[in-house]
Amino acid sequence: MIEVNDLVLYGKNGTIRLKIPELKFHSPGITALVGHNGAGKSSLLKLAAGLEKSNHGSILYDQKDIFIHYEELKEKIHLLSWGLELYRSLSAKDHLDLFRSICKNWNKDIELELLKDLSIPTHKKVEKMSRGEQVRLRILLSLPRSPKVILIDEVTNDLDTDSRRAIFKKLDSYSFDTGAQVVVATNMIEDIERYASDIILLKKGEVILQSSLDSIKEQHNTSFEEIVRIYERKGSVL
Amino acid sequence: MRLQVNPHSSTPLYAQIVEQMRNQILSGSIIAGTPLPSVREISEMIEVNSLTIQKALKILEVEKFIVIRRGVGAFVSEGIVSLTQIQKEDLIKSGLSNVVSHAKELGIEKDRFGILVEECWSAQ
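Residues numbered from 1 in each chain as written. Chains lettered and ligands numbered in written order. Predicted model: local features only at pLDDT ≥ 70, side-chain atom pairs only at ≥ 80, totals over all residues. Heavy atoms only, no water.

## Notes on the sheet that holds strand 7 (residues 149-153) of chain A
All names here are of chain A. Going by this rule: At least two DSSP bridges between two strands are needed for those strands to be called paired. Runs of E in the DSSP output that reach at least two residues are strands. Runs of H or I that reach at least four are helices, and both are numbered from the N terminus. Axis lines are fitted through C-alpha atoms, for helices just across the contact stretch, and the angle between N-to-C directions can take any value from 0 to 180 degrees.
Spatially, 6 strands are ordered 6-7-8-3-9-10 in an open sheet, and the strand pairing comes out mixed. Each having just a single partner strand, strand 6 (77-80) and strand 10 (206-212) make up the two edges of the open sheet. Taken over all neighbouring pairs, the strand axes of this sheet differ in orientation by 15 degrees on average, direction set aside. Bridge count for strand 9 (residues 198-203) against strand 10 is 6 bridges, and the pairing is antiparallel. When the sheet's bridge partners are listed, L202 is paired in strand 10 with V207.

## A word on the interface of chain B and chain A
Heads up, the condition is: When checking whether two residues touch, look at their non-hydrogen atoms; a contact exists if any pair is within 4.5 Å. Summed over both partners, the accessible surface that disappears when two parts come together, traced with a 1.4 Å probe, is what is meant by buried area. Criterion for a salt bridge: a side-chain nitrogen of Lys or Arg within 4 Å of a carboxyl oxygen of Asp or Glu. Contacts described as polar in this section are N or O atom pairs within 3.5 Å, which, within protein, must combine one atom able to donate a hydrogen with one able to accept it, while residues neighboring in sequence count only if both atoms come from side chains.
Contacts between chain B and chain A engage 20 residues on the former and 22 residues on the latter. Taking both sides of the interface into account, the surface hidden between chain B and chain A amounts to around 1,900 Å²; carbon and sulfur atoms contribute 44%. Where chain B touches chain A, the interface holds 5 salt bridges. We note a salt bridge from B:E47 to A:K169, for which the minimum N-O separation is 3.3 Å. For the interface between chain B and chain A, the tally reads 15 residue pairs in polar contact (both at pLDDT 80 or more). Of all elements in the fold, only helix 1 (13-26), helix 2 (39-46) and helix 3 (50-62) of chain B reach the threshold of two or more residues within the side of chain B that touches chain A. Ranked by the residues each element gives to the side of chain B that touches chain A, the list is headed by helix 2 of chain B, at 5 residues.

As structure tokens, then:
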């Protein structure tokens, strides 16, 4: 489980980019990280992947500081974002050959299932692939390595509904079968309503709401979209 | 089994699923002993996360509408007596009376109301 303690991250000019006293990501299931551009979603995911160091406090995975234990944890915690690229001149098949030879615990069954269900062209070079195909390839290269945590930074946002649904279905069943935690930064309301069980709402670097989607609806007797609107206007916990 | 969920609704998805399955079991449209699709199959079918499906099935199990046999799957409980025609009609009447009084408040005529019912019926 990922746990945030007393975290502060400064941006340029000493502005506060993130300030989170306490936060726990519940597993299994998909947690949606919601908030406007600049709310701190990407920063939080980068910190959780151990790619950045906070100015104060820590993010832990199973009680271990993720930044300090990066080498040990990077196989368990995967981050999918646009910054981390695939090899442009290689095909899906080339990538699979490469990953299979490098990764010791490669799960062939998961690979075959994903290849079948995500319909990824095996011989097309990455540079010729659509964004949707590239995202699906990244999922194909991630899940067979049996990650315990999958962090997804907005990469699903500009894909069409069918592509997004196919990806969420795979993330959901992977999480359900293995108990892995999935955190997706997204503002696509319908994806969240269908696939997320927990919500974390960020505003200007602070967590203004964390709850299960069911209890939000039960408490406020209104739709999720309306709740997000109310909270963002108020800017603080009710 | 027919499930149709509305993710935008203020009713949680698990509650929508419980309600629809309960009604279908009570109305006799899913018969006692019938095996239900797996969590994964239902999840794929209605495009809703697996935890929600699991939660709905657990509630139906606690309420004794279904039986979950480990490693085998879920089944509609034996011995559930489906509603009689009179009970079904009472159930509909109680829901309908709210709609009728609402229609009266809004000044909708009886004949016109009948036409609206007709339209809704054919639209589904």
